[in-house]
Amino acid sequence: MAAPLRRGEERTFLLDTGTLAALHFPTSVEGAPRVLALHGWLDNAASFAALATALPELEVLALDLAGHGRSEWRPASGSYALVDHLPELQEILNQLGWSHCILLGHSMGAAIACLFAVAAPTRVERLICVDALGPLSLTEAEVASRLRRALAARGEPRPRRRLFASIEDACRQRAELNGLSAAAIAPLVERGLKAVEDGWIWSADPRLQLPSAVPMSEAQVQHLLRDLSMPVLVLAAEQPDPRLPKLHVQARLDCVPQARVERLPGGHHLHIAQPARSADEIRRFLAPDGSADG
(Lines give C-alpha, C1' and ligand atoms only; values in the text may rest on other atoms or scores of the structure.)
Protein backbone atom coordinates (compact mmCIF):
# COMPACT_ATOMS: atom_id res chain seq x y z
CA MET A 1 0.00 0.00 0.00
CA ALA A 2 1.34 3.42 -0.95
CA ALA A 3 2.17 5.88 1.82
CA PRO A 4 -0.36 8.70 2.30
CA LEU A 5 0.42 11.82 0.33
CA ARG A 6 2.18 14.66 2.09
CA ARG A 7 -0.44 17.22 3.04
CA GLY A 8 -0.14 20.54 1.26
CA GLU A 9 -1.20 23.84 2.82
CA GLU A 10 -3.34 26.18 0.72
CA ARG A 11 -1.66 29.50 -0.14
CA THR A 12 -2.86 32.48 -2.15
CA PHE A 13 -0.88 35.30 -3.72
CA LEU A 14 -2.52 38.62 -4.54
CA LEU A 15 -0.92 39.99 -7.69
CA ASP A 16 -1.68 42.89 -10.02
CA THR A 17 -2.75 40.36 -12.64
CA GLY A 18 -5.06 38.40 -10.32
CA THR A 19 -5.00 35.96 -7.44
CA LEU A 20 -2.95 32.78 -7.79
CA ALA A 21 -3.38 29.71 -5.61
CA ALA A 22 -0.71 27.25 -4.52
CA LEU A 23 -0.03 24.19 -2.39
CA HIS A 24 2.78 24.61 0.12
CA PHE A 25 4.58 21.50 1.34
CA PRO A 26 6.69 22.61 4.34
CA THR A 27 9.45 20.55 5.91
CA SER A 28 10.93 20.24 9.38
CA VAL A 29 14.45 20.14 7.97
CA GLU A 30 16.27 23.33 8.96
CA GLY A 31 17.79 25.19 6.03
CA ALA A 32 16.07 22.87 3.54
CA PRO A 33 16.28 23.72 -0.17
CA ARG A 34 13.29 25.67 -1.43
CA VAL A 35 11.54 24.47 -4.57
CA LEU A 36 9.07 26.41 -6.72
CA ALA A 37 7.15 23.88 -8.83
CA LEU A 38 5.29 24.68 -12.07
CA HIS A 39 2.82 22.18 -13.51
CA GLY A 40 2.01 21.26 -17.09
CA TRP A 41 -0.71 22.49 -19.44
CA LEU A 42 -4.24 21.97 -18.00
CA ASP A 43 -2.75 20.38 -14.85
CA ASN A 44 -2.43 22.06 -11.45
CA ALA A 45 -0.38 22.19 -8.25
CA ALA A 46 -1.59 18.79 -7.05
CA SER A 47 0.36 17.10 -9.84
CA PHE A 48 3.39 17.47 -7.51
CA ALA A 49 1.78 15.94 -4.42
CA ALA A 50 3.33 12.49 -4.90
CA LEU A 51 6.76 13.92 -5.71
CA ALA A 52 6.66 16.25 -2.69
CA THR A 53 5.74 13.24 -0.56
CA ALA A 54 8.79 11.39 -1.87
CA LEU A 55 11.01 14.40 -1.05
CA PRO A 56 10.12 15.24 2.59
CA GLU A 57 13.47 16.97 3.08
CA LEU A 58 12.54 19.74 0.64
CA GLU A 59 10.23 22.73 1.06
CA VAL A 60 8.00 22.78 -2.02
CA LEU A 61 5.65 25.52 -3.19
CA ALA A 62 3.57 24.13 -6.07
CA LEU A 63 1.76 26.87 -7.95
CA ASP A 64 -1.57 26.82 -9.79
CA LEU A 65 -0.57 28.84 -12.85
CA ALA A 66 -3.03 31.52 -13.99
CA GLY A 67 -6.19 30.00 -15.43
CA HIS A 68 -5.47 26.59 -13.86
CA GLY A 69 -6.60 24.81 -10.72
CA ARG A 70 -7.83 27.29 -8.11
CA SER A 71 -6.09 30.35 -9.57
CA GLU A 72 -8.08 33.11 -11.22
CA TRP A 73 -8.56 33.31 -14.96
CA ARG A 74 -6.93 36.12 -16.88
CA PRO A 75 -9.27 39.02 -17.72
CA ALA A 76 -10.84 39.10 -21.18
CA SER A 77 -7.97 41.27 -22.44
CA GLY A 78 -5.34 39.05 -20.82
CA SER A 79 -2.99 36.53 -22.37
CA TYR A 80 -1.66 33.10 -21.47
CA ALA A 81 1.56 33.44 -23.45
CA LEU A 82 4.44 31.74 -21.63
CA VAL A 83 6.26 35.01 -21.02
CA ASP A 84 3.20 36.46 -19.26
CA HIS A 85 3.87 34.12 -16.32
CA LEU A 86 7.40 35.41 -15.67
CA PRO A 87 6.55 38.63 -13.77
CA GLU A 88 4.14 36.62 -11.61
CA LEU A 89 6.87 34.13 -10.66
CA GLN A 90 9.17 36.97 -9.71
CA GLU A 91 6.50 38.60 -7.55
CA ILE A 92 5.67 35.29 -5.84
CA LEU A 93 9.33 34.78 -4.94
CA ASN A 94 9.36 38.33 -3.56
CA GLN A 95 6.24 37.69 -1.46
CA LEU A 96 7.72 34.44 -0.15
CA GLY A 97 10.94 36.23 0.73
CA TRP A 98 12.95 33.74 -1.32
CA SER A 99 16.01 35.42 -2.82
CA HIS A 100 16.51 32.31 -4.95
CA CYS A 101 15.07 28.83 -5.35
CA ILE A 102 15.30 25.53 -7.14
CA LEU A 103 12.88 25.78 -10.05
CA LEU A 104 11.01 22.60 -11.00
CA GLY A 105 8.75 22.40 -14.01
CA HIS A 106 6.80 19.74 -15.89
CA SER A 107 6.00 20.07 -19.61
CA MET A 108 4.60 23.58 -20.12
CA GLY A 109 5.80 24.41 -16.61
CA ALA A 110 9.31 23.34 -17.63
CA ALA A 111 9.13 25.65 -20.65
CA ILE A 112 8.13 28.56 -18.39
CA ALA A 113 10.85 27.59 -15.92
CA CYS A 114 13.50 27.70 -18.65
CA LEU A 115 12.38 31.17 -19.73
CA PHE A 116 12.38 32.45 -16.16
CA ALA A 117 15.82 30.96 -15.47
CA VAL A 118 17.18 32.85 -18.49
CA ALA A 119 15.36 36.09 -17.59
CA ALA A 120 16.23 36.00 -13.85
CA PRO A 121 19.30 33.78 -13.44
CA THR A 122 20.15 35.07 -9.95
CA ARG A 123 16.77 33.82 -8.67
CA VAL A 124 17.28 30.22 -9.89
CA GLU A 125 19.92 28.14 -8.12
CA ARG A 126 19.19 24.94 -10.06
CA LEU A 127 16.66 23.99 -12.71
CA ILE A 128 14.78 20.67 -12.94
CA CYS A 129 12.73 19.94 -16.07
CA VAL A 130 10.34 16.98 -16.28
CA ASP A 131 9.88 15.67 -19.82
CA ALA A 132 10.55 19.01 -21.53
CA LEU A 133 13.41 21.44 -22.13
CA GLY A 134 12.30 24.84 -23.39
CA PRO A 135 9.05 25.75 -25.16
CA LEU A 136 7.58 24.16 -28.27
CA SER A 137 8.76 25.76 -31.49
CA LEU A 138 7.63 26.32 -35.07
CA THR A 139 9.62 26.58 -38.25
CA GLU A 140 9.79 30.03 -39.77
CA ALA A 141 7.61 28.80 -42.64
CA GLU A 142 4.78 27.93 -40.22
CA VAL A 143 4.61 31.30 -38.45
CA ALA A 144 2.24 33.06 -40.89
CA SER A 145 -0.35 30.26 -40.89
CA ARG A 146 -0.19 30.01 -37.09
CA LEU A 147 -0.76 33.75 -36.76
CA ARG A 148 -3.86 33.51 -38.96
CA ARG A 149 -5.16 30.49 -37.05
CA ALA A 150 -4.59 32.16 -33.66
CA LEU A 151 -6.52 35.28 -34.66
CA ALA A 152 -9.40 33.29 -36.15
CA ALA A 153 -9.64 31.08 -33.05
CA ARG A 154 -10.17 34.09 -30.80
CA GLY A 155 -13.32 34.96 -32.71
CA GLU A 156 -14.81 31.47 -32.43
CA PRO A 157 -17.24 30.47 -29.65
CA ARG A 158 -15.62 28.63 -26.74
CA PRO A 159 -16.44 24.91 -26.62
CA ARG A 160 -18.59 23.76 -23.73
CA ARG A 161 -16.65 22.22 -20.90
CA ARG A 162 -17.21 18.49 -20.50
CA LEU A 163 -19.69 17.57 -17.76
CA PHE A 164 -18.90 14.61 -15.48
CA ALA A 165 -21.50 12.90 -13.31
CA SER A 166 -18.92 12.28 -10.59
CA ILE A 167 -15.31 12.88 -9.61
CA GLU A 168 -14.69 9.18 -10.20
CA ASP A 169 -15.83 9.53 -13.82
CA ALA A 170 -13.43 12.42 -14.32
CA CYS A 171 -10.60 10.41 -12.76
CA ARG A 172 -11.24 7.49 -15.10
CA GLN A 173 -11.29 9.76 -18.17
CA ARG A 174 -8.11 11.59 -17.20
CA ALA A 175 -6.33 8.38 -16.17
CA GLU A 176 -6.99 6.86 -19.60
CA LEU A 177 -5.87 10.04 -21.33
CA ASN A 178 -2.58 10.27 -19.43
CA GLY A 179 -1.80 6.55 -19.09
CA LEU A 180 -1.97 6.62 -15.28
CA SER A 181 -4.02 4.84 -12.65
CA ALA A 182 -7.16 6.57 -11.41
CA ALA A 183 -5.69 6.60 -7.88
CA ALA A 184 -2.48 8.28 -9.05
CA ILE A 185 -4.28 11.00 -11.00
CA ALA A 186 -6.99 11.62 -8.36
CA PRO A 187 -5.30 14.54 -6.50
CA LEU A 188 -4.78 16.45 -9.76
CA VAL A 189 -8.33 15.76 -10.95
CA GLU A 190 -9.99 16.69 -7.66
CA ARG A 191 -8.17 20.03 -7.58
CA GLY A 192 -9.00 20.70 -11.21
CA LEU A 193 -12.77 20.26 -11.00
CA LYS A 194 -15.57 22.71 -10.28
CA ALA A 195 -18.97 21.64 -8.97
CA VAL A 196 -22.00 22.69 -11.05
CA GLU A 197 -25.69 21.89 -10.80
CA ASP A 198 -25.58 18.62 -12.75
CA GLY A 199 -22.11 17.37 -11.85
CA TRP A 200 -18.52 18.51 -12.32
CA ILE A 201 -16.60 20.45 -14.98
CA TRP A 202 -12.94 21.35 -15.37
CA SER A 203 -12.12 24.66 -13.68
CA ALA A 204 -9.37 25.62 -16.14
CA ASP A 205 -10.01 28.59 -18.45
CA PRO A 206 -11.07 27.23 -21.89
CA ARG A 207 -8.94 29.99 -23.48
CA LEU A 208 -5.87 27.99 -22.45
CA GLN A 209 -6.63 25.78 -25.45
CA LEU A 210 -6.26 28.63 -27.95
CA PRO A 211 -3.13 28.47 -30.10
CA SER A 212 -0.36 30.90 -29.27
CA ALA A 213 0.00 33.63 -31.87
CA VAL A 214 3.76 33.73 -32.48
CA PRO A 215 5.72 30.84 -30.92
CA MET A 216 9.51 30.84 -30.98
CA SER A 217 11.53 29.26 -33.75
CA GLU A 218 13.79 26.35 -32.84
CA ALA A 219 16.84 28.55 -33.36
CA GLN A 220 15.48 31.07 -30.85
CA VAL A 221 14.78 28.34 -28.29
CA GLN A 222 18.27 26.89 -28.62
CA HIS A 223 19.89 30.32 -28.30
CA LEU A 224 17.94 30.88 -25.07
CA LEU A 225 18.98 27.50 -23.69
CA ARG A 226 22.63 28.45 -24.18
CA ASP A 227 22.07 31.20 -21.59
CA LEU A 228 21.09 28.77 -18.82
CA SER A 229 23.94 29.39 -16.40
CA MET A 230 22.85 27.04 -13.60
CA PRO A 231 23.01 23.22 -13.36
CA VAL A 232 20.04 21.64 -15.16
CA LEU A 233 18.48 18.21 -14.66
CA VAL A 234 16.13 16.81 -17.31
CA LEU A 235 13.97 13.85 -16.34
CA ALA A 236 12.87 12.35 -19.65
CA ALA A 237 10.16 9.75 -20.21
CA GLU A 238 11.22 6.56 -21.96
CA GLN A 239 7.80 6.51 -23.66
CA PRO A 240 7.21 9.95 -25.23
CA ASP A 241 3.61 11.09 -25.55
CA PRO A 242 2.71 10.57 -29.24
CA ARG A 243 0.31 13.54 -29.09
CA LEU A 244 3.15 15.97 -28.41
CA PRO A 245 5.31 17.40 -31.20
CA LYS A 246 8.69 15.74 -31.49
CA LEU A 247 11.29 17.97 -29.87
CA HIS A 248 14.91 18.42 -30.89
CA VAL A 249 15.92 16.82 -27.60
CA GLN A 250 19.60 16.11 -28.13
CA ALA A 251 20.21 19.36 -29.96
CA ARG A 252 18.64 21.26 -27.06
CA LEU A 253 20.61 19.31 -24.46
CA ASP A 254 23.81 20.12 -26.31
CA CYS A 255 23.01 23.82 -25.88
CA VAL A 256 22.87 23.74 -22.09
CA PRO A 257 26.31 24.21 -20.49
CA GLN A 258 25.54 22.16 -17.35
CA ALA A 259 22.90 19.66 -18.43
CA ARG A 260 22.26 16.21 -17.04
CA VAL A 261 19.54 13.93 -18.43
CA GLU A 262 18.03 10.85 -16.81
CA ARG A 263 15.53 8.67 -18.64
CA LEU A 264 12.86 7.03 -16.48
CA PRO A 265 10.25 4.38 -17.26
CA GLY A 266 6.78 5.60 -18.09
CA GLY A 267 5.14 8.37 -20.03
CA HIS A 268 4.80 12.12 -19.98
CA HIS A 269 3.58 12.37 -16.35
CA LEU A 270 6.51 10.35 -15.04
CA HIS A 271 6.73 12.43 -11.83
CA ILE A 272 3.26 11.12 -10.95
CA ALA A 273 3.79 7.56 -12.18
CA GLN A 274 7.35 7.26 -10.82
CA PRO A 275 7.59 9.63 -7.83
CA ALA A 276 10.16 7.55 -5.94
CA ARG A 277 12.46 7.16 -8.96
CA SER A 278 12.04 10.83 -9.82
CA ALA A 279 12.82 11.78 -6.23
CA ASP A 280 15.97 9.66 -6.22
CA GLU A 281 17.29 11.44 -9.31
CA ILE A 282 16.42 14.86 -7.91
CA ARG A 283 18.08 14.00 -4.58
CA ARG A 284 21.21 12.90 -6.41
CA PHE A 285 21.20 16.08 -8.50
CA LEU A 286 20.87 18.30 -5.42
CA ALA A 287 23.53 16.49 -3.36
CA PRO A 288 26.57 18.70 -2.60
CA ASP A 289 28.83 16.34 -4.52
CA GLY A 290 26.28 15.69 -7.26
CA SER A 291 27.50 16.16 -10.80
CA ALA A 292 25.56 18.06 -13.41
CA ASP A 293 27.34 16.26 -16.18
CA GLY A 294 25.25 13.85 -18.19
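What you see is a predicted model, and the numbers here were worked out from it, not measured in a lab. (Residues numbered from 1 in each chain as written. Predicted model: local features only at pLDDT ≥ 70, side-chain atom pairs only at ≥ 80, totals over all residues. Heavy atoms only, no water.)

Colleague: Any chance you could break down the environment of Thr 139 for me, citing the residues and the numbers?
Modeller: Counting through the fold element by element, Thr 139 comes out in the loop between strand E7 (137–138) and helix H4 (143–153). Overall, Thr 139 belongs to the partly exposed group, its relative accessible area being 42%. Spatially, the C-alpha atoms of Thr 139 and Ala 119 are 23 Å apart, while their sequence positions differ by 20 residues. (Helix = DSSP H or I, 4+ residues; strand = E, 2+ residues; numbered from the N terminus. Buried < 20%, exposed > 50% of the residue type's maximum accessible area, 1.4 Å probe, protein only.)

Colleague: Which residues make up empty space enclosed by the protein, and what values go with them?
Modeller: Here the structure, examined in full by the defined rule, presents two cavities of 30 Å³ or more. Around the largest cavity, the lining residues are Val 35, Phe 48, Leu 51, Ala 52, Leu 55, Leu 58, Val 60, Ile 102, Leu 104, Ile 128, Ile 282 and Leu 286. Elements supplying a minimum of two residues to the lining of the largest cavity: helix H1 (49–54), strand E5 (101–106) and helix H10 (275–286). Taken together, the residues of the lining of the largest cavity sort by class into 12 nonpolar, no polar and no charged. (1 Å grid on protein atoms, 1.4 Å probe; cavity = no way out; pocket = protein on both sides within 12 Å on 5 of 7 lines; lining within 4 Å. Points joined across faces, edges and corners; volume = space filled by probe spheres on them. Nonpolar A, V, L, I, M, F, W, Y, C, P; charged D, E, K, R; others polar.)

Colleague: Outline the pairing of strand E6 (residues 124–130), supporting the account with residue identities and numerical values.
Modeller: Buried residues dominate E6, accounting for six of its seven residues. Strand direction decides the pairing type here: E5 and E6, joined by six bridges, are parallel. By the bridge assignment for E6, Leu 103 is matched with Leu 127. In this fold, the crossover linking E5 to E6 by way of helix H3 (residues 108–119) has right-handed handedness. In this structure, E6 lies alongside strand E11 (residues 232–237), joined through four bridges in parallel fashion. Residue pairing for E11: Leu 127 is matched across the bridge by Val 232. (Pairing = 2+ DSSP bridges. Right-handed = clockwise from strand over helix to strand, strands pointing away.)

Colleague: Any details on the packing of helix H5 (residues 167–178) against helix H6 (residues 182–191)? Residues and values, ideally.
Modeller: Direction vectors running N to C along H5 and H6 enclose 115°, while the axes themselves pass 9 Å from each other. Between H5 and H6, the angle is such that the two are roughly perpendicular. Taken as a pair, H5 and H6 cross one another with a handedness that is right-handed. Of the residues in H6, those in contact with Ile 167, Ala 170, Cys 171, Arg 174, Ala 175 and Asn 178 of H5 are Ala 182, Ile 185, Ala 186, Leu 188, Val 189 and Glu 190. Its residues assigned to classes, the contact of H5 with H6 comprises nine nonpolar, one polar and two charged. (Axes fitted to C-alpha atoms, helices over the stretch in contact; angles between N-to-C directions. Parallel < 35°, antiparallel > 145°, perpendicular 65-115°, else oblique. Left-handed = near helix turned anticlockwise from the far one by under 90°. Contact = heavy atoms within 4.5 Å.)

Colleague: Report on the sheet that holds strand E12 (residues 259–264), specifying residues and quantitative values.
Modeller: With mixed pairing, the eight strands of this open sheet are ordered in space as E1-E2-E4-E3-E5-E6-E11-E12. Of all the strands in the sheet, the pair left with one neighbour each is strand E1 (9–15) and E12. In this sheet, neighbouring strand axes are inclined to one another by 20° on average, regardless of whether the strands run parallel or antiparallel. Here strand E2 (residues 18–25) runs beside strand E4 (residues 59–63); their pairing, made up of four bridges, is antiparallel. If you follow His 24 over to E4, its bridge partner there is Leu 61.

Colleague: Before we move on, could you go through the nonpolar core and cite the residues and values that matter?
Modeller: For soluble globular proteins, nonpolar side chains are generally found buried alongside one another. The biggest cluster of nonpolar side chains holds 46 residues, and the ones touching the most others in it are Leu 36, Leu 38, Leu 103, Leu 127, Leu 133 and Leu 228. A total of nine residues in this core trace back to one element, the largest contributor, which is H3. Those residues within four positions of Leu 38 in sequence are excluded, and the remaining contacts are Phe 48, Leu 63, Leu 65, Leu 89, Leu 103, Leu 104, Gly 105, His 106, Gly 109, Ile 112 and Ala 113. Counting residues in hydrophobic clusters, the runner-up holds 26 residues, among them Ala 37, Leu 58, Val 60 and Ala 279. (Core = buried A, V, L, I, M, F, W, Y, C linked by side-chain atoms within 4.5 Å.)

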